[in-house]
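# Coordinate analysis (summary)
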Amino acid sequence: MCGILGYTGNRQAAPILLDGLAKLEYRGYDSAGLAVADGEEVRIEKAKGRLSVLSERIEGGKTLAGTCGIGHTRWATHGEPSDTNAHPLWSDDKAVIAIHNGIIENYRELKEELTGKGYSFYSQTDTEVAVKLIDLYYKEDNGNPLSALTRAMRRIRGSYCFVILFRDHPDEVWGVRKDNPLIAGQGKGESFLTSDVSAILQDTRQVYYLDNMQIARLRGGEIRLFDQDGNPVTKELSEVTWDAQAAEKGGFDHFMMKEIHEQAKAVRDTIHSALREDGTVDLSSMKLTDEALRKVEQIYIIACGSAYHAGVVGQYVIEDLAKVPVRVELASEFRYRTLPLKGEGGLAIVISQSGETADTLAAMRLAREHGLRTLAIVNVVGSSIAREADNVFYTLAGPEIAVATTKAYSAQLAACYLLAIQLAKARGLLLDESGLLAELQALPRKIDDILDEKERIRQVAERFAQANDAFFLGRNIDYAVAMEGSLKMKEISYLHSEACAAGEMKHGPISLVEKGMLVVGILTQEALYKKTASNMLEVKSRGAWLMQVTHRGNDLLKEDADFTFYIPPTDPHFAASLAVIPLQLLGYYLAVARGVDVDKPRNLAKSVTVE
Ligand code: F6R
């Protein structure tokens, strides 16, 4: 949430900041702002609305001279989106100017204290409170940024990452982090601070991932790191391997469509990262030995949103193949439950694309406190979850820019399948895994085959462009896919949709079915096919317009389905990876038909770093 960028070097800062912010805009897009230091003077420009509004106002950065600056795209937490609440925020004499990502929990108490000391406030943000607290200590400590920041960090509660300019240090950018990501990029004679590496990939791949409660000072090409007491810290530079092109649209109208097309590669790369040359599964790079897998008696899968939906698929597959009981938990719920957690023999699998989701991170910490071993399935290298987990299974989906996840979800499924297979193998329940692995490796080609038929889905979407409601039904793995299909539809097209376990419809939701309502059935699990088919007929007889996603040969709804999409045959454990593709396309095309900004749906942000 909120995109953060800082630059110091010998080039003009404003165009670099605007360029980088364009790559961070998916993190928040209700307002944007820049501050650029030019000698003693710092100029600040900010605007409500998309980054383009700000960019036009400052002519692509031409009107802001200076080689040191900070920039922000906002996803509002405290205070509505407005020019005033947009970041940067400043102290009264503009000695301290900062941008922020996160939430300050004790801002009321700090505000009261600062008011008592003569400070007044012009915005509704918690950020302004932090800026003025830093300013107070800065002045008390005779203009020493490091001691001002360490003192402020001791007082501020919550999660935050600040990037700060001090007017009297015009060639320096400072950054601090607690529980929100901050990365320092090392260029030649220049340096960067950012919340996401995709913003700086075109300039550098050499980065420092700041740890919690660390401070960075950037001056030209020099980066210095400090701990929370102001002591110098030494750290190794890391090399980012992501491709800079991956953060561009590459000829597609939207990132989401590009990422839908990158799914075959994401799945293939993720599978291959965990296969030996002889074709067997190798989880040694994530330090998961067969002995460790044999000891697992209970699994908790913890995640939010689509990552949770991937976890629900994982639950069905792991329980079926490896016979280990699995509970799938929404991280925001799990973190506040008083579960009798099993430490010994318990494994918490935490799934997250960004590796920064606040609830997931907190839930993982809770699991660790209870003595559970934690395994993170994460896409972003060096993210907080990846760094704090005991073991990490990196999905190789590359940078995902569209707010609605597609390729990262597909890669998460692949990771779950590999884990399930190896768990089953280690526990002696799968003597020959070669058949399953062959099916797994065939998935990328089948995903591409489905994409070849996308035009058929576009036509269905056009037909329902004006609809208000839809249902997604399925059982078992198909229910997990229904949840993901429904979320894709509602979050990007704003068409209200619900997923329902097919057998539950008649316990209440069926009363919502009206003539012509779109009901999407997912029928890939042969063992349950007849059951779901009869549930589909129940809604059909109440007037629903039926779309089914199934395999060829499943003919029970031949006469009754209004639209059938056949997915290629596969092992039923892996059917989610294919069934989800037409549903992603349906959500996408509906959003396009309804004229919605597909990549940046209202009210959402890609990386949810607040509770
Ligand atoms: C939906 C979507 C979200 C994320 C969720 C978790 O399309 O992308 O529901 O899946 O916010 O995010 P991560 O995976 O970064 O923890």
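In what follows, the structure referred to is the one given above.
Residues numbered from 1 in each chain as written. Predicted model: local features only at pLDDT ≥ 70, side-chain atom pairs only at ≥ 80, totals over all residues. Heavy atoms only, no water.

### Quick look at the overall build of the protein chain
- When helices and strands are tallied, the protein chain shows 18 helices and 25 strands.
- For 611 residues, the compact-globule estimate of 2.2 N^0.38 gives 25 Å, and the C-alpha radius of gyration of the protein chain, at 25 Å, lies within 12% of that figure.
- In terms of overall dimensions, the protein chain has a C-alpha envelope of 80 × 55 × 45 Å along the principal axes.
- Out of the 611 residues belonging to the protein chain, those deemed buried represent 62%.
- Once local pairs closer than 6 in sequence are excluded, the contacts in the protein chain between residues at least 24 apart make up 71%.
- Approximately 22,600 Å² of the protein chain is accessible, and the part contributed by carbon and sulfur atoms is 46%.
- Computing the positive centroid from 70 side-chain charges and the negative centroid from 84, the protein chain places the two 2 Å apart. (Helix = DSSP H or I, 4+ residues; strand = E, 2+ residues; numbered from the N terminus. Rg over C-alpha atoms; globule rule 2.2 N^0.38 Å. Buried < 20%, exposed > 50% of the residue type's maximum accessible area, 1.4 Å probe, protein only. Contact = heavy atoms within 4.5 Å. Areas by Shrake-Rupley, 256 points an atom, 1.4 Å probe, with all protein chains shown as cover. Lys, Arg positive; Asp, Glu negative; His and termini not counted. Charge placed at Lys NZ, Arg CZ, Asp CG, Glu CD.)

### Here we look at the sheet that holds strand β18 (residues 346-352)
- Here 5 strands make up an open sheet; going across it, the order is β17-β16-β18-β19-β20 and the pairing parallel. Whereas interior strands pair on both sides, the edge strands pair on one side only; in this sheet they are β17 (326-330) and β20 (391-394). On average, each strand axis in the sheet is tilted by 20° relative to the strand beside it, whichever way the strands run.
- Pairing of strand β16 (residues 298-303) with β17, which is carried by 5 bridges, proceeds in the parallel orientation. (Pairing = 2+ DSSP bridges. Axes fitted to C-alpha atoms, helices over the stretch in contact; angles between N-to-C directions.)

### So, the site of the ligand
- Around the ligand, a shell composed of 14 residues is seen, among which Ser352, Gln353, Ser354, Thr357 and Glu491 lie nearest.
- Within the backbone of Val403, one N or O atom sits 3.4 Å away from an oxygen atom of the ligand.
- In this structure, an oxygen atom belonging to the ligand sits 2.5 Å away from a side-chain N or O atom of Glu491.
- For the ligand, whose accessible area on its own is 400 Å², the fraction buried by protein is 89%.
- Of all the elements in the fold, those that place two or more residues in the shell around the ligand are α9 (305-322) and α16 (477-493).
- Across the shell around the ligand, the residue classes break down as 5 nonpolar, 7 polar and 2 charged. (Near = heavy atom within 4 Å. Polar contact = N/O pair within 3.5 Å; in protein donor to acceptor, adjacent residues only side chain to side chain. Nonpolar A, V, L, I, M, F, W, Y, C, P; charged D, E, K, R; others polar.)

### Remarks on the packing of aromatic side chains
- Summed over the entire model, instances satisfying the criterion amount to 10 aromatic pairs.
- Measuring from ring centre to ring centre gives 4.6 Å for Tyr417 and Phe574, while their planes differ by 45°; the resulting arrangement is tilted. Pair noted here: Tyr417 is in helix α13 (residues 407-426) and Phe574 is in the loop between β25 (563-566) and α18 (575-593), with a separation of 157 residues, a long-range link.
- Phe574 sits in the buried class, given a relative accessible area of 0%.
- By the ring-pair criterion, three or more aromatic residues cluster together here, those being Tyr138, Phe166, Trp174 and Phe226.
- Its end group placed over the ring of Trp90, Lys94 keeps NZ or CZ at 5.0 Å from the ring centre.
- We note Arg602 situated over the ring of Tyr494; from NZ or CZ to the ring centre the distance is 3.7 Å. (Phe/Tyr/Trp six-rings, centres within 6.5 Å; stacked < 30°, edge-to-face > 60°. Lys NZ or Arg CZ within 6 Å of the ring centre and 35° of its normal.)

### Focus on the environment of Lys407
- The topology assignment puts Lys407 in helix α13.
- With 93 residues separating them in the primary sequence, Lys407 and Cys500 have C-alpha atoms 24 Å apart.
- With sequence-adjacent residues up to four places away left out, Lys407 is seen in contact with Glu259, Glu262, Gln263, Ala266, Ala397, Gly398, Pro399 and Glu400.
- Within the structure, Lys407 has its side chain in polar contact with the side chain of Glu262 (distance 2.8 Å).

### A look at the side chain of Ser198
- For Ser198, the location among the structural elements is in the loop between β10 (191-194) and β11 (206-209).
- Residue class for Ser198 comes out buried when judged on its relative accessible area of 3%.
- In this view, Ser198 contacts Lys23, Tyr26, Ala247 and Ile401; residues no more than four positions away in its chain are not counted.

### Comments concerning the packing of α16 against α18
- At a closest axis distance of 8 Å, the pairing of α16 and α18 adopts a crossing angle of 15°. Between α16 and α18, the angle falls in the class roughly parallel. Between α16 and α18 lies a crossing whose hand is right-handed. On α18, the residues that touch Ile477, Val481, Glu484, Gly485, Lys488, Met489, Ile492 and Ser493 of α16 are Ala576, Ala579, Val580, Leu583, Gln584, Leu586, Gly587, Tyr588, Leu590 and Ala591.
- Here the residues of the contact of α16 with α18 sort into 12 nonpolar, 4 polar and 2 charged. (Parallel < 35°, antiparallel > 145°, perpendicular 65-115°, else oblique. Left-handed = near helix turned anticlockwise from the far one by under 90°.)

### Brief notes about unusual backbone geometry
- The omega torsion of the bond from His87 to Pro88 falls at 0°, within 30 degrees of zero and hence cis.
- One can find Pro88 in the loop between β4 (68-74) and β5 (89-90).
- Residue Asn476 is not a glycine yet carries a positive backbone phi of 60°.
- Considering the arrangement of structural elements, one finds Asn476 in the loop between β21 (469-474) and α16.
- Taking relative accessible area as the criterion, Asn476 reaches 29% and is therefore assigned partly exposed.
- Look at Tyr494: it is not a glycine, yet its phi comes out positive at around 65°.
- Inspection of the secondary structure assignment puts Tyr494 in the loop between α16 and β22 (496-501).

### Details of the pattern of salt bridges
- The full count for this structure, using the stated rule, is 43 salt bridges.
- Asp282 is the partner of Arg276 in a salt bridge, and the nearest nitrogen-oxygen pair spans 3.9 Å.
- For Arg276, a relative accessible area of 40% gives the class partly exposed.
- Arg327 is the partner of Glu329 in a salt bridge, and the nearest nitrogen-oxygen pair spans 2.9 Å. (Salt bridge = Lys/Arg side-chain N within 4 Å of Asp/Glu carboxyl O.)

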